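If you want the building blocks of each chain, they are given just below.
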Amino acid sequence: MKTINNTNRSKILLLNITDEQTGALSRLLDSEKYQLVAASSSQEALRIATDTAFCLAIVGNATSTDDITLKKLKSSYPWMETIVVLPSSDTELALEFVRSGVHDCLTSANSTEEFVMRIKKALAMGQMKRELTSLRQHVAMSYGFDNIVGNSKPITKLKETLRRIAPTDISVMINGPIGSGKELVARVIHHHSARRKNPFVTIDCSSLPESLFEAQLFGETSVAGAPDSSHSKSLLMEANGGTIFFDDVDRIPPSAQPRLMSFLRDFTIRAQGQALPTKLDLRIIAASSTGLASMVDEGCFSRELFYQLSVLPLQMPSLAERPEDIEMLSEYFLRRVAHEMNRPYFEITRNALDLLISHRWPGNVRELENTLKRAAALCRENRIDADDVLFISTDSDIPVAASQVSTKAPETRTGRLDEGQRTIIIKALAENNWNFTQTAQELGIGRTTLWRKVKKYNLSKETVTS
C-alpha cells in the first residue's frame, strides 16, 4: 500500500492505477483536501477499507471481477462514489458497471485533465449525498416525538394525541402561550405525516403588513408598498403537497379573512393570469397565543374561519403548569448547547435546578432555553451553579441574578435590583475584557442596551478595575 499526500483530509482509494497516473492525480488534485491511498490488489483494497473511510474509489484496468470488489466497498461506505477505467471502449462492460451503481466509466484514452474533471464531479456528487443524508437525519432528530420533552401528564397526553392525528389530514389549531413550543408541535405533525417529504411553509401572520398579506398568500401582482410590480409567488402554491402553518393566525387582517375562508372550502386558487383555477393539496395547521374564541365573540375574527381552522384544537400547556418537566428540559437544552458551543458537556447543580423549578417562567420553554444558554456562556469549567442563572426581569431588559430574585415585595429601581444588575454587568465585562459585542451576546441583550446600562451606572474599565 502506498499513501500519497498524507493528510487528514478526504481519502480516495486507487486500485490498479499506475504510478504515472497516481503522480498526475497527486499534482492536479488539491493536496490540502484529498489523500490518495493506492492498493495493488482487490484483497489489499478490501483490507484497507476495514479501518479507513473513503469518499471515492477509482479502479484502473477494470474487469467484470472488479464489480464484486466495488460492491463490497460500497456495502461498507454507502456514500462512496466509484469510477472505473476500462482498458478499451467495451460498451457491454461499461453498461454492466453502470447497472451495478458505478458513478462513471472512463477509458485509458481519456486525457488526464478530463480524468480529473470527472473525479471532481464524482466527489461533488458524493458530498451532496452525504449532506442530504445528514439533513434528513437532522430533521428526524429535531422533529421526533421525543423532541417534545417531558413526562408530565399534560405533555404525555399531548404526545398521545399527536401520534393519532399526525397521519391524518385533519386541520389543527394549536393554542398556547408565547414560547410554549407551538411551531415545534406543528413541525412534528408534518414530519410524522405522509407529507413529510413535501414542503412545510410557515406564514408569520404578525410580520406581513395588511397591504401585502393577500398578495403574498395568493400570489398576485404587487400592490402599493411592494418593492416592484412583478408577480409575487403564492405561498399557498409553494406549500402544495405539504403543510402550511399559519403562525399567530389571530393577526390575519380582517380584509383577507373572507378570501381565505373561500379558499378553505374547496382548496382552489386562480393564479395571476390563469383562466382556470388550480386545485391544491394542503394540510392546514394554525397557531394562536391569544384567546381566539373570545376574539370571535367580540367580532374581531371571522367565526366561519375560526371553525374551518379549528377542526381539531390542541392546547399547549405553559411551563408553569408542568414544573416536573423542567429538569428533563434543562438536560435536553444543555446537551444541545454543549454541541453548539463545541463543549463536551454541561453539568448543572441541584441548587441551580431548584432555582429553575421555582421560577414562574412567563416566557415558557423559550425563556428556559435562553436562560440556560446564558448560564452556559457565563459558567466556569462546564459547571452551572445558582450564581450563573440569570433571569430576565419583567420590568427590565437586563438579566437579573437568581440570587437577587426575591419573593418579597419588589424594591425601588435604585435599590437591590439595580445593584444586582450593575454587579452582573461588571462581572460579564471583566470576563470578556470589556468586549461589548461579546458581553451583550452572553447577557442575551442588545449591544445598544448594554451601552445604555454602562452609561446609567457610570461604568468604565478604569474606574471599575482601579
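Here the structure is a predicted model, which means the values were calculated and not measured. (Residues numbered from 1 in each chain as written. Predicted model: local features only at pLDDT ≥ 70, side-chain atom pairs only at ≥ 80, totals over all residues. Heavy atoms only, no water.)

### A few points about the sheet that holds strand β12 (residues 283-288)
The condition is simple: Whether two strands pair depends on DSSP finding at least two bridges between them. By definition, any uninterrupted DSSP run of H or I lasting at least four residues is a helix, any uninterrupted run of E lasting at least two residues is a strand, and each is numbered from the N terminus. Axis geometry follows a simple rule: fit a line to the C-alpha atoms, using only the stretch in contact for helices, then measure angles between N-to-C directions, giving values from 0 to 180 degrees.
Strand order across the open sheet formed by five strands is β8-β9-β12-β7-β13, with parallel pairing between neighbours. Whereas interior strands pair on both sides, the edge strands pair on one side only; in this sheet they are β8 (200-204) and β13 (312-315). With direction set aside, neighbouring strand axes in the sheet form an average angle of 20°.

### A few points about the nonpolar core
Generally speaking, soluble globular proteins have nonpolar side chains that are buried together. Under the convention used in this document: Residues belong to a common nonpolar core when they are buried Ala, Val, Leu, Ile, Met, Phe, Trp, Tyr or Cys residues joined through side-chain atoms within 4.5 Å. Here's how the labels work: a residue is buried when its accessible area is under 20% of the maximum for its type, exposed when over 50%, partly exposed in between, all with a 1.4 Å probe on protein chains only. Throughout, a contact is declared for two residues whenever any of their heavy atoms are within 4.5 Å.
Judged by nonpolar contacts, the single largest core of 32 residues is most densely connected at Leu236, Phe246, Phe263 and Leu309. Mapped onto this core, the elements with two or more residues apiece are β8, α8 (210-218), α9 (235-238), β9 (243-247), α10 (257-266), β12, α11 (292-297) and α12 (303-309). It is α10 that contributes the most residues to this core, four residues altogether. Setting aside residues no more than four positions away along its own chain, Leu236 makes contact with Leu217, Phe218, Ile244, Phe263, Ile269, Leu280 and Leu282. In this structure, Leu319, Phe333, Leu356 and Val389 belong to the second largest nonpolar core, which totals 24 residues.

### Brief notes about the packing of α8 against α10
So the rule is basically this: Any angle that is under 35 degrees is reported as roughly parallel, and any over 145 degrees as roughly antiparallel; angles of 65 to 115 degrees are reported as roughly perpendicular and all others as oblique. When the near helix sits turned anticlockwise from the far one by under a right angle, the crossing is termed left-handed; a clockwise turn instead gives a right-handed crossing. For this classification, Asp, Glu, Lys and Arg are treated as charged, while Ala, Val, Leu, Ile, Met, Phe, Trp, Tyr, Cys and Pro are nonpolar and the rest, including Gly, are polar.
Direction vectors running N to C along α8 and α10 enclose 20°, while the axes themselves pass 11 Å from each other. Put simply, α8 runs roughly parallel to α10. Helix-helix and strand crossings are classified by hand; for α8 and α10 the assignment is left-handed. Taking contact as the criterion, the partners of Glu214, Leu217 and Phe218 in α8 are, on α10, Arg259, Leu260 and Phe263. Partitioned by chemical class, the residues of the contact of α8 with α10 number four nonpolar, no polar and two charged.

### Side note on the packing of aromatic side chains
Operational definition: Pairing of aromatic side chains requires ring centres within 6.5 Å, counting the rings of Phe and Tyr and the six-membered ring of Trp. Pairs whose planes differ by under 30 degrees are stacked, by over 60 edge-to-face, and all others tilted. Whether a charge sits over a ring comes down to the Lys NZ or Arg CZ being within 6 Å of the ring centre and within 35 degrees of the ring normal.
Applying the stated criterion across every chain yields a total of six aromatic pairs. Geometry around Phe218 places Arg259 over its ring, the cationic atom sitting 4.1 Å from the centre.

### Quick notes on the pattern of salt bridges
Let me state the cut-off plainly: Salt bridges are identified by distance alone: a Lys or Arg side-chain nitrogen within 4 Å of an Asp or Glu carboxyl oxygen.
Under the counting rule described, the total for this entry stands at 17 salt bridges. Between Arg187 and Glu183 there is a salt bridge, and its shortest N-O distance comes to 3.2 Å. Remark: Glu183 and Arg187 occur in helix α7 (residues 182-191); sequence separation between them is four residues, near one turn of the helix. Taking relative accessible area as the criterion, Glu183 reaches 32% and is therefore assigned partly exposed. Measuring nitrogen to oxygen at the nearest pair gives 3.0 Å for the salt bridge that ties Arg265 to Glu304. Linking Arg265 in helix α10 with Glu304 in helix α12, this pair joins segments that are 39 residues apart in sequence.

### Observations concerning the confidence of the model for the chain
In low-pLDDT regions, the fine details of the predicted coordinates are not to be read closely. Under the convention used in this document: On a scale of 0 to 100, pLDDT captures the predictor's confidence in every residue.
Across the chain, the average pLDDT comes to 81, with 83% of residues at or above 70. Below pLDDT 50 for its whole length, residues 221-231 participates in 16 contacts with residues either more than four positions away or in separate chains. Low pLDDT, under 50, characterises residues 404-417; the stretch is placed with 13 contacts to residues that sit more than four places away or in other chains.

### Topic: the environment of Leu106
Checked against the element boundaries, Leu106 lands in strand β6 (residues 104-107). Of the residues examined, Leu106 reaches a relative accessible area of 2% and is grouped as buried. Leu106 sits 20 residues away from Leu86 along the chain, and the two C-alpha atoms are 6.1 Å apart. Look past the residues within four positions of Leu106 in its chain and what remains in contact with it is Ile83, Val84, Val85, Leu86, Phe115 and Arg118.

### Regarding the pairing of strand β5 (residues 81-86)
Which entries qualify depends on this criterion: Note on handedness: a crossover is taken as right-handed if, strands pointing away from the viewer, the path from the first strand over the helix to the second is clockwise.
Among the six residues of β5, six are classified as buried, and the element is accordingly described as predominantly covered. Going residue by residue along β5, you find Glu81, Ile83 and Val85 tucked away on one face and Thr82, Val84 and Leu86 tucked away on the opposite face as well. The pairing of strand β4 (residues 56-59) with β5 spans four bridges and is classified as parallel. Residue pairing in the sheet places Val59 in a bridge with Val84 of β5. Crossover handedness for the path β5 to helix α4 (residues 91-99) to β6: right-handed.

### A word on the side chain of Thr371
Mapped onto the elements, Thr371 comes out in helix α15 (residues 364-378). Once residues within four sequence positions are removed from consideration, Thr371 is found in contact with Leu356, Trp361, Val389, Leu390 and Phe391.

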